[in-house]
Amino acid sequence: MPPNDPVFQLVGLTVRAGDKVLLQDVSCDIQQGRMLCVIGESGAGKSTLLKAVQGVMPATCRRLVFTPSGTDITGAVPTHSGLPQTRWVMQDPLAALNPQLTLGTSIQESLYRQNLTVQERKSAVLAALEDVELGSEFYSRFPGQVSLGQAQRACLARALIARPKLIFFDEPLSALDALVQKKIARQMEVLRRKTQTAYLVVTHDLGFAEAYADKVLVLRMGQVEAYQPCDEFFATPASPYAENLIEAARSLGTLSHANEAA
């Protein structure tokens, strides 16, 4: 696959709930190893976008292509099937992990389709824990015995161990304190570069998008307000609403000053 060809391409996604339109004509794409950040205020449709493309809620689209799995959909997106070779990291890691299972067992669940011995599974999990900077002692710990940051690292390990081509992140840092956010954001970036996995990240954090995104998609009331390469977005945002988001983030000190002159 040529490096600039998208592994994921969405054209004209629309989601309705009765007479209400939740998303209207949303289009975007992601290349291998790249990150798309989806931003916007609460209720803009960011999480709805994730649920729709994963088949959790009914949606229609003019086209949805996921190259690694050969998925090519026109019309209604199949519900409950999800896209193969993808994983989802949610906002609350403790809600995402079964409290009755150790972290090692939860991470192993991503390997259930692989024909591995017990020892091979354990070795793979220990390597995944090491990738997210968790020691081997976390293999036998339960979610209630670790911090939120450690639990989110375990969720990241669980996603990556299956070697997906695309990971969906739904506000993966918002439940964490600022210091832990920075550590896990850097770890996400290191692993993205190492594995060349594509990321679609829903976030309120424009500072995160500025630091790590390749493209930015701004949603407002279910519609696309801006869709631009990251540098272009922060230098010359495509809409007044997007510009207001940037100015608000800058006034709170969450953005760099690199683009202030613009």
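Since the model is a prediction, treat every value here as computed from it, not as a measurement.

**Remarks on the confidence of the model for the protein chain**
Here is step 1 of the chain: In the predicted model, the protein chain carries a mean pLDDT of 91, and the fraction of residues at 70 or more is 96%.
Here is step 2 of the chain: pLDDT under 50 marks residues 257-262. Its contacts with residues more than four places away, or in other chains, come to six contacts.

**Details of helix α6 (residues 178-195)**
Here is step 1 of the chain: Look at α6: 26 Å from first C-alpha to last across 18 residues, which is about the 26 Å you get at 1.5 Å a residue.
Here is step 2 of the chain: Where α6 is buried, its residues meet β3 (35-39), α4 (118-131), α5 (148-160), β7 (166-170), β8 (198-202) and α7 (206-212).
Here is step 3 of the chain: Two or three places before L179, at the opening of α6, D177 has a side-chain oxygen 3.2 Å from that residue's backbone nitrogen.
Here is step 4 of the chain: Taken from the residues just after α6, Q196 is the one with a positive phi, measuring 60°.

**A look at the sheet that holds β7**
Here is step 1 of the chain: Across the sheet, which stays open at both edges, the six strands sit in the order β6-β7-β8-β3-β9-β10 with mixed pairing between neighbours. Here the strands that pair on one side only, and so sit at the sheet edges, are β6 (86-89) and β10 (223-229). Neighbour to neighbour, the strand axes of the sheet diverge by 15° on average, direction disregarded.
Here is step 2 of the chain: In terms of strand pairing, strand β9 (residues 215-220) meets β10 through six bridges, oriented antiparallel. Its bridge partner lying in β10, L219 is registered against V224.
Here is step 3 of the chain: Strand contacts of helix α1 (residues 46-53): β3, β6, β7, β8 and β9, with the helix running at about 145° to β7, the strand carrying the most contacts.
Here is step 4 of the chain: Here α5 sits on the sheet in contact with β6 and β7, set at roughly 175° to β6.

**Thoughts on the domain arrangement of the protein chain**
Here is step 1 of the chain: When its domains are assigned, the protein chain resolves into domain 1 (6-85 + 164-261) and domain 2 (94-162).
Here is step 2 of the chain: Inter-centroid distance (C-alpha atoms) of domain 1 to domain 2 is 26 Å.
Here is step 3 of the chain: Facing 15 residues of domain 1, the contacting portion of domain 2 comprises eleven residues.
Here is step 4 of the chain: Across the domain 1/domain 2 interface, buried area totals approximately 1,100 Å², and carbon plus sulfur atoms make up 68% of it.

**So, the sheet that holds strand β2 (residues 20-31)**
Here is step 1 of the chain: Judged by pairing direction, the sheet is antiparallel, and its four strands sit side by side in the order β2-β1-β4-β5 without closing on themselves. The two strands at the open ends of the sheet, each matched to only one other strand, are β2 and β5 (71-76). Mean inter-strand twist for the sheet, computed between neighbouring axes without regard to direction, equals 10°.
Here is step 2 of the chain: Against the sheet, α1 contacts β1 (6-17), β2 and β4 (60-66), and its axis sits at roughly 110° relative to β1.

Reading guide: rules and limits
- Residues numbered from 1 in each chain as written.
- Predicted model: local features only at pLDDT ≥ 70, side-chain atom pairs only at ≥ 80, totals over all residues.
- Heavy atoms only, no water.
- pLDDT = per-residue confidence, 0-100.
- Contact = heavy atoms within 4.5 Å.
- Helix = DSSP H or I, 4+ residues; strand = E, 2+ residues; numbered from the N terminus.
- Expected span 1.5 Å × (residues − 1).
- Polar contact = N/O pair within 3.5 Å; in protein donor to acceptor, adjacent residues only side chain to side chain.
- Pairing = 2+ DSSP bridges.
- Axes fitted to C-alpha atoms, helices over the stretch in contact; angles between N-to-C directions.
- Domains from an automatic or database assignment.
- Buried area = accessible area lost by both parts, 1.4 Å probe.

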